[in-house]
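# Structural overview
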Amino acid sequence: MARKYFGTDGIRGLTNLAPMTAAMAMKVGMAAGTYFQRGDHRHRVLIGKDTRLSGYMLESALVAGFTSVGMDVVMTGPMPTPAVALLTTSMRADLGVMISASHNPFADNGIKLFGPDGYKLSDEAEAEIEALIDGVDQGAVPLAPAAQIGRARRIDDAQGRYIHFAKSTFPDDLRLDGMKVVVDCANGAAYQVAPAALWELGAEIVAIGVSPNGRNINDRVGSTAPQTLSETVVASGAAIGIALDGDADRLIVVDEKGAVVDGDQLMATIATGFARAGRLAGGGLVATVMSNLGLERHLAAQGLGLVRTGVGDRYVLEAMRARGYNVGGEQSGHIILSDYGTTGDGLVAALQILAEVQRAGAPASEVLHRFDPLPQLLKNVRFDRGAKPLEAASVKDAIAAAEAALEGRGRLVIRASGTEPVIRVMAEGDDRAHVEAVVDRVCEAVKAAV
């Protein structure tokens, strides 16, 4: 179903440009607040955010929108996306909102919505909310009577609640005493909760990316820029490094040698550990079309399956729920463990990885290297918003030729990003030079079309 404002992960864009304006945020509050008012009880929405400068503006606008239609608002301040999903259900809120653009630069921001069950909304629900957004200016959204306007307040114990939950997912028979861990919080939402949880479990902590100033979120730190983490792990002699993204729903790990370990290896490690403990549901895991073919072959060798979905953690989660799996995620580090939560949780996934390393009593480089990935290349081609390069006949011809060249020897995945104006071109196969040539030809065709 085509959506007007919502992409693959909420509404996102450059702040103070449509759709990411204060006026739009207020309309979202009015529309979503109206949509989720069901029953006679006093309705409540929980709002969290990351550390972007624009978070204050959007938070205030959302509060105005929600309270104007009669919803009470609870604000948590900077909190990870999975914490917002968790608190939405534990506080019996009718709706949860996360203000974040995840791994994007600080100038971008976004609005993610969670239902009362803690899950991201369906395409159908988002379409209905979009219709209400468009109807705000026409008076289609009724305002609350003066006596029933909502109240807003901040809560002080949200961080403690989430830290307690995260620690509860770590095995009771293990501690992290003696393990030096570098944690990179991307100057984002987890800059306080992640180091605290790890320290309380006994780890010796070296924290980086924990000095947000509103503009430095994801700036040369975090899961999309792990070089600083790698250098810090090696320089400090740490056993392992973990990197979260701006809203802490994504995880990338660095081993003791400074080598980056991506989501495919992490999912394989967690799934194997769950299988060993008799906890793996579904007989395998769910990943996207971007996950390496090496992961699929590795799982098959253990008698485990791999279900592939379109790109986006929401589609991974939909498949997990439909098929009864409890481990899934993306190569980029979104890892969903449905035994513990309703969305990707970088800290909880990191704790499962740390448990596997601690239990094995071996270096992270050995524990986390589960398979040799096939040569895989991903390139991005940026285009002007509004253009549709994938509809060009020349691009379609180039893609068809590339698929023919890889037939039986690898895979090709072409897609438009759901969060930014970028075409992503990915190919993998047994021959690196062949993969590179295929990707370059498609990229050149896309560049020519835009």
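Right, let's walk through the structure included here. Keep in mind that this is a model prediction, so the values were computed, not measured. (Residues numbered from 1 in each chain as written. Predicted model: local features only at pLDDT ≥ 70, side-chain atom pairs only at ≥ 80, totals over all residues. Heavy atoms only, no water.)

This part covers the environment of arginine 38. On the secondary structure map, arginine 38 appears in the loop between helix H1 (22–35) and strand S2 (44–49). With 342 residues separating them along the chain, arginine 38 and asparagine 380 place their C-alpha atoms 43 Å apart. (Helix = DSSP H or I, 4+ residues; strand = E, 2+ residues; numbered from the N terminus.)

Reading across the sheet, the 6 strands line up as S1-S5-S4-S2-S3-S6 and stay open at both edges, with mixed pairing between neighbours. At either end of the open sheet lies a strand with only one pairing partner, and these are strand S1 (11–14) and strand S6 (152–154). Taken over all neighbouring pairs, the strand axes of this sheet differ in orientation by 15 degrees on average, direction set aside. Pairing geometry for strand S3 (residues 72–78) and S6, over 3 bridges, is parallel. Note that in S6 the partner of valine 74 across the bridge is arginine 153. (Pairing = 2+ DSSP bridges. Axes fitted to C-alpha atoms, helices over the stretch in contact; angles between N-to-C directions.)

The next point concerns the environment of leucine 95. Residue position: leucine 95 is located in strand S4 (residues 95–99). Among the residues examined, leucine 95 registers a relative accessible area of 0% and is labelled buried. Placed 68 residues apart in sequence, leucine 95 and lysine 27 show a C-alpha to C-alpha distance of 15 Å. Every residue in contact with leucine 95, bar those within four places of it in the chain, is listed here: Ala32, Phe36, Arg44, Val45, Leu46, Phe66, Thr88, Leu113 and Phe114. (Buried < 20%, exposed > 50% of the residue type's maximum accessible area, 1.4 Å probe, protein only. Contact = heavy atoms within 4.5 Å.)

This next bit is on helix H4 (residues 123–135). In this model, H4 (13 residues) spans 18 Å end to end at C-alpha, consistent with the 18 Å of a helix rising 1.5 Å per residue. If you check which residues of H4 are buried, you get Asp123, Ala125, Glu126, Ile129, Glu130, Ile133 and Gly135. Where H4 is buried, its residues contact H1, strand S5 (108–114) and helix H10 (313–323). (Expected span 1.5 Å × (residues − 1).)

Let's shift gears to the nonpolar core. By size, the foremost hydrophobic cluster in this structure holds 68 residues, and its most contacted members are Ile240, Val253, Leu285 and Leu368. At 9 residues, helix H11 (residues 346–360) tops the list of elements feeding residues into this core. Residues in contact with valine 253, not counting those within four places in the same chain, are Ile240, Gly241, Ile242, Ala259, Val260, Val261, Leu266, Ile353 and Leu368. If you look at the next biggest cluster of nonpolar residues, it comprises 30 residues, including Phe6, Ala61, Val73 and Ile111. (Core = buried A, V, L, I, M, F, W, Y, C linked by side-chain atoms within 4.5 Å.)

One can find serine 230 in helix H7 (residues 227–236). Aside from chain neighbours lying at most four places away, what touches serine 230 is Val254, Gly258 and Val260.

All right, on to the pattern of salt bridges then. Tallied over the full model, the rule gives 28 salt bridges. Between arginine 42 and aspartate 72 there is a salt bridge, with the nearest N and O atoms lying 3.1 Å from each other. In this pair, arginine 42 is assigned in the loop between H1 and S2 and aspartate 72 in strand S3, connecting sequence segments 30 residues apart. Judged by relative accessible area, arginine 42 falls into the partly exposed class, the value being 44%. For arginine 250, the salt bridge goes to aspartate 245, with nearest N and O atoms at 3.9 Å. Like aspartate 245, arginine 250 is buried. Here the salt bridges do not stand alone but share partners, grouping Asp9, Arg12, Lys112, Lys120, Asp247, Asp249 and Asp313 into one network. (Salt bridge = Lys/Arg side-chain N within 4 Å of Asp/Glu carboxyl O.)

The strand order across the open sheet built from 5 strands is S8-S7-S9-S10-S11, with neighbouring strands paired in mixed fashion. Here the strands that pair on one side only, and so sit at the sheet edges, are strand S8 (204–208) and strand S11 (260–261). Relative to strand S10 (residues 251–255), strand S9 (residues 240–244) runs antiparallel, the two being bridged by 5 bridges. Paired with isoleucine 240 across the bridge in S10 is aspartate 255. H7 contacts strand S7 (180–184), S8, S9, S10 and S11 of the sheet and is inclined by roughly 160 degrees relative to S7. Contacts from H11 reach S7, S9 and S10, with the element oriented near 165 degrees to S9.

The next point concerns the packing of aromatic side chains. What the rule picks out here adds up to 2 aromatic pairs. Both rings, one in tyrosine 162 and one in phenylalanine 165, keep their centres 6.1 Å apart while their planes meet at 35 degrees; by these two values the pair is tilted. Here phenylalanine 165 and tyrosine 162 lie together in helix H5 (residues 158–168), a separation of 3 residues that amounts to about one turn. With a relative accessible area of 0%, tyrosine 162 lands in the buried category. (Phe/Tyr/Trp six-rings, centres within 6.5 Å; stacked < 30°, edge-to-face > 60°.)

Where H5 meets H11, the axes come as close as 9 Å, and the angle between the chain directions of the two elements is 30 degrees. In terms of axis orientation, H5 runs roughly parallel to H11. The way H5 lies across H11 gives a crossing that is right-handed. Within the contact between the two elements, H5 uses Tyr162, Phe165, Ala166 and Lys167 and H11 uses Leu347, Val348 and Leu351. Of the residues assigned to the contact of H5 with H11, the class counts are 6 nonpolar, no polar and 1 charged. (Parallel < 35°, antiparallel > 145°, perpendicular 65-115°, else oblique. Left-handed = near helix turned anticlockwise from the far one by under 90°. Nonpolar A, V, L, I, M, F, W, Y, C, P; charged D, E, K, R; others polar.)

Direction vectors running N to C along helix H13 (residues 393–406) and helix H14 (residues 432–449) enclose 175 degrees, while the axes themselves pass 9 Å from each other. Here H14 runs roughly antiparallel to H13, going by the angle between their axes. Within the contact between the two elements, H13 uses Ser394, Val395, Ala398, Ile399, Ala402, Ala405 and Leu406 and H14 uses His434, Val438, Arg441, Val442, Ala445, Val446 and Ala449.

A negative phi angle characterises most non-glycine residues, just as the trans form characterises most peptide bonds. In this structure, the amide linkage connecting alanine 18 to the following residue, proline 19, adopts the cis form with an omega of 5 degrees. On the secondary structure map, proline 19 appears in the loop between S1 and H1. A positive phi angle, close to 70 degrees, is found at asparagine 16, a residue other than glycine. With respect to the helices, strands and loops of the structure, asparagine 16 is situated in the loop between S1 and H1. For asparagine 16, a relative accessible area of 57% translates into the label exposed.

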